[in-house]
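Coordinate inspection notes
Below are the chains, spelled out letter by letter.
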Amino acid sequence: MVNGIADSQQKGRVAVSVNTLAEAAGLSRLLVDIRHESTHNELPSLSTLQLAARQALDWLVTQYWQRQSEHLSACRGRVQDVLSAIVASCHAAATKSLTAAAAANDDNPKEELQQATEGAGYKASEGRKQRKQLLSELKTLLPPPHTPLLAALLLQGHALLPPDQQQQQQQGMDGSARKAQEAALMLLSKQYPELKRHLLQEAVDKLCNLTTQQQHQQQAQETAGSNDADQQPQQ
């Protein structure tokens, strides 16, 4: 750990001491001393190693995990906005496609097709460009190693529903919304290869937690009912 952090800070032609680099990175002097003693002298005692391990974990919490958590919390709203924009773009493309397909089956297809392709105000090239930019921003906010967090966000609320249908979730999605959802998932899966696996795992975890909560509620109700039954004769 000490070498990894110190070596990454070595810049320039003249090497800087490990102690100086570790101090600049905020590492405890104890960790540096243990590294030196273990390499050149004797192994430290178990109690010393345990103390050093706690200090190393504290450093990881403050310098890495806490900062990462703060970053993810700060960009959470923007991630949701980007996801909504991706779905909205896919929805616009799906609506145009379905409208054009329906117009092709009408008695007067030429006029209907012209209204579907020109009147909708959606251009396929601009839509593809917009989705490409949105996906690039999303990968900057949430790199692929954070795929589990993306999966959790997608399964919360209305992340994969077009904005105009989020209030109608209970009534089911129309054809364009379903097609937009499928297209958005396909785009996201190309950028995050492990997304489908994490979505499945997250969904199973949610179902298991829901079942456990229901069991606990049922047990609590049965216990409360049993206590009421025991108290009735006394009254």
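Residues numbered from 1 in each chain as written. Predicted model: local features only at pLDDT ≥ 70, side-chain atom pairs only at ≥ 80, totals over all residues. Heavy atoms only, no water.

The next point concerns the overall build of the chain. Within the chain, the regular secondary structure consists of nine helices and zero strands. Ordered by position in the sequence, the α and β elements of the chain form the string α-α-α-α-α-α-α-α-α. Put simply, the chain has 235 residues, and 25% of those count as buried. Excluding contacts between residues fewer than 6 apart, the proportion of contacts in the chain whose partners are at least 24 apart in sequence is 68%. If you sum the accessible surface of the chain, you get close to 15,900 Å²; carbon and sulfur atoms cover 51% of it. (Helix = DSSP H or I, 4+ residues; strand = E, 2+ residues; numbered from the N terminus. Buried < 20%, exposed > 50% of the residue type's maximum accessible area, 1.4 Å probe, protein only. Contact = heavy atoms within 4.5 Å. Areas by Shrake-Rupley, 256 points an atom, 1.4 Å probe, with all protein chains shown as cover.)

Let us look at the nonpolar core. Within the largest apolar cluster, 23 residues are counted, with the highest numbers of intra-cluster contacts made by Val 79, Ile 86, Leu 138, Leu 188 and Leu 195. Within the residue set of this core, elements represented by two or more residues are helix 4 (46-104), helix 6 (124-141), helix 7 (147-154), helix 8 (175-191) and helix 9 (195-231). If near-sequence neighbours (up to four positions away) are discounted, Leu 195 is found in contact with Thr 147, Leu 150, Ala 151, Leu 154, Leu 188 and Ser 189. Leu 31, Ile 34, Ala 56 and Trp 59 belong to the second-largest nonpolar core, a separate cluster that totals eleven residues. (Core = buried A, V, L, I, M, F, W, Y, C linked by side-chain atoms within 4.5 Å.)

Contact geometry of helix 6 with helix 8 gives a least axis separation of 11 Å together with a crossing angle of 50°. Judged by the inter-axis angle, helix 6 sits oblique to helix 8. Helix-helix and strand crossings are classified by hand; for helix 6 and helix 8 the assignment is right-handed. Mapping the contact onto sequence places Arg 131, Leu 135, Leu 138 and Lys 139 in helix 6 and Leu 187, Leu 188 and Gln 191 in helix 8. Residues that form the contact of helix 6 with helix 8 fall into these classes: four nonpolar, one polar and two charged. (Axes fitted to C-alpha atoms, helices over the stretch in contact; angles between N-to-C directions. Parallel < 35°, antiparallel > 145°, perpendicular 65-115°, else oblique. Left-handed = near helix turned anticlockwise from the far one by under 90°. Nonpolar A, V, L, I, M, F, W, Y, C, P; charged D, E, K, R; others polar.)

Considering all chains together, one arrives at three salt bridges under this definition. Asp 33 is the salt-bridge partner of Arg 29, the closest N and O atoms lying 2.9 Å from each other. With Arg 29 and Asp 33 both in helix 3 (residues 29-40) and four residues apart, the pair spans about one turn of that helix. One salt bridge connects Glu 194 with Arg 197, and the closest N-O pair in it is separated by 2.7 Å. In this structure Glu 194 comes out as partly exposed when scored by relative accessible area, which is 38%. (Salt bridge = Lys/Arg side-chain N within 4 Å of Asp/Glu carboxyl O.)

Attention now goes to helix 3. One turn of the α-helix equals 3.6 residues, which is why residues spaced by three or four share an orientation. Taking 1.5 Å of rise per residue, twelve residues should cover 16 Å, and helix 3 covers 17 Å from first to last C-alpha, within 8% of that figure. Leu 31, Val 32 and Ile 34 are the residues of helix 3 that are buried. Along helix 3, the residues classed as buried sweep out an arc of 160° about the axis, all on the same side. The opening residue of helix 3 is Ser 28, an N-cap whose side-chain oxygen sits 3.1 Å from the backbone nitrogen of Leu 30. (Expected span 1.5 Å × (residues − 1). Arc of directions from axis to C-beta. Polar contact = N/O pair within 3.5 Å; in protein donor to acceptor, adjacent residues only side chain to side chain.)

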